[in-house]
Structure formats: C-alpha cells, structure tokens
Amino acid sequence: MEEPPIIDLQSDEYFMRQALREAYKALAANEVPVGAVMVHEGKIISRAWNQVETLKDATAHAEMLCLTAAQSAIGDWRLDGCTLYVTKEPCPMCAGAIVHCRPTRVVFGCPDAKAGACGGWINLLQSNPPLNHACEISSNVLGDECLHIIQNFFREAREKKKELKAHREYRFDEEN
C-alpha cells in the first residue's frame, strides 16, 4: 500500500501557504500583509504582495499585481483555467478586476465582512447578471493564519500610533 505524500503540492492549503509567504513580504515592507498567487495547470505563474505604500499607488493591492503578472505569464488578459489564491477576501476594486480577467476560481483565507466583495459584504464574483463572468469561490482556507497576520499588523500599528501621540504630548508639555 502506497503512502500519500506528506505535502500535497496541488492542495488549496499548499497554494495558500505560498500566498502567506507573499503576505510576510508585505509585512516586512510595513505594508498591509496580504499576499496572492495565481495558479495555472498546477503551477504558480505569478506572485504578489500589497505594495500600496511602496509604490505610492492605491491600486497596488496584491490581487491587482498578481493579475497583471499572470496575464503577462499567460500572454493573454483572459485567465481561463487559473485559480487566484489570496490571503484576504478581495475588495470591490480587486473583485471587479478579477471578474474582467476571468479566472475560473478564487480561493481566499480570511473573510472581510465590512469590505469583502466575494460574499463578505457583497458578492461581485457570482450571480451578478450585468457582469460577464462568474468565478467559483472557496473561502476560509487557512483562514485563522491569514487573519492572525492582519490582526497583528493593525494591532501593532494602533500601538505605535498611541506611543507617537503620547510622545508628542510629552514633548509639548516639556516645551510649555
């Protein structure tokens, strides 16, 4: 009897771990830690992480950068047969771009009830008659890990903001 492989290189968890690696690159660059990978025929064809602050570009979300790189890799703007893995549910901007690029499937880690556009707040990827494409959606793949990195990032950002405010108030008191 043959034993199954220790790591299934075709599983959603495997590819989400690759997206998490990209999220950690964003974290190291002090960006909101979201990462994405695009898979075609079982192989990663593009990788990206949030670079909004780095590039000074509000559209430089991991999903947008990953879509662009995947189109270049495929040689077509249509991403039929591709699966996008992203650590956080895409926002409306990214979901709109995803619909237009036409990947077959979107897999995300943690849902975003406030601003997610793949079923969290709104669902732009399915059952939307005016749009010309619908994607399969799988959610909450390694959701706890994906949520943890984002929550820690924002927790630390709030703490830094409090410390800076306290420092400014202390300096003001010292000067007066």
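Residues numbered from 1 in each chain as written. Predicted model: local features only at pLDDT ≥ 70, side-chain atom pairs only at ≥ 80, totals over all residues. Heavy atoms only, no water.

1. Remarks on the overall build of the protein
Next up, step 1: Helix and strand content of the protein: five helices and five strands.
Next up, step 2: Mapped in sequence order, the helices and strands of the protein form the string α-β-β-α-α-β-α-β-β-α.
Next up, step 3: In terms of its C-alpha atoms, the protein occupies a principal-axis envelope of roughly 70 × 50 × 30 Å.
Next up, step 4: Scored against the burial criterion, the 176 residues of the protein give a buried share of 39%.
Next up, step 5: Excluding contacts between residues fewer than 6 apart, the proportion of contacts in the protein whose partners are at least 24 apart in sequence is 58%.
Next up, step 6: Here the protein contributes 19 positively and 25 negatively charged side chains, and the mean placements of these two sets differ by 5 Å. (Helix = DSSP H or I, 4+ residues; strand = E, 2+ residues; numbered from the N terminus. Buried < 20%, exposed > 50% of the residue type's maximum accessible area, 1.4 Å probe, protein only. Contact = heavy atoms within 4.5 Å. Lys, Arg positive; Asp, Glu negative; His and termini not counted. Charge placed at Lys NZ, Arg CZ, Asp CG, Glu CD.)

2. A word on the pattern of salt bridges
Next up, step 1: The final tally for this structure, using the stated rule, is six salt bridges.
Next up, step 2: Measuring nitrogen to oxygen at the nearest pair gives 2.9 Å for the salt bridge that ties Arg17 to Glu145. Here Arg17, found in helix 1 (residues 12-28), pairs with Glu145, found in helix 5 (residues 143-175); they are 128 residues apart in sequence, far enough to count as distant.
Next up, step 3: On the basis of relative accessibility, which here comes to 37%, the residue Arg17 falls in the partly exposed class.
Next up, step 4: Using a relative accessible area of 35% as the deciding quantity, one classes Glu145 as partly exposed.
Next up, step 5: Salt-bridge contacts for Asp76 lead to Arg78; the nearest nitrogen and oxygen are separated by 3.2 Å.
Next up, step 6: Through salt bridges with shared partners, one network takes in Glu22, Lys25 and Arg47. (Salt bridge = Lys/Arg side-chain N within 4 Å of Asp/Glu carboxyl O.)

3. Looking at helix 3 (residues 62-74)
Owing to its 3.6 residues per turn, the α-helix brings residues three or four apart onto one side.
Next up, step 1: Its 13 residues place the ends of helix 3 18 Å apart at the C-alpha level, agreeing with the 18 Å of an ideal helix rising 1.5 Å per residue.
Next up, step 2: Where helix 3 is concerned, the buried positions are Ala62, Glu63, Cys66, Leu67, Ala70 and Gln71. End-on, the buried residues of helix 3 take up no more than an arc of 160°, which puts them together on one face.
Next up, step 3: Check the buried side of helix 3 and you find it contacts strand 1 (35-40), strand 2 (43-49), strand 3 (82-88) and helix 4 (92-101).
Next up, step 4: Immediately downstream of helix 3, the backbone of Gly75 shows phi near 85°, a positive value. (Expected span 1.5 Å × (residues − 1). Arc of directions from axis to C-beta.)

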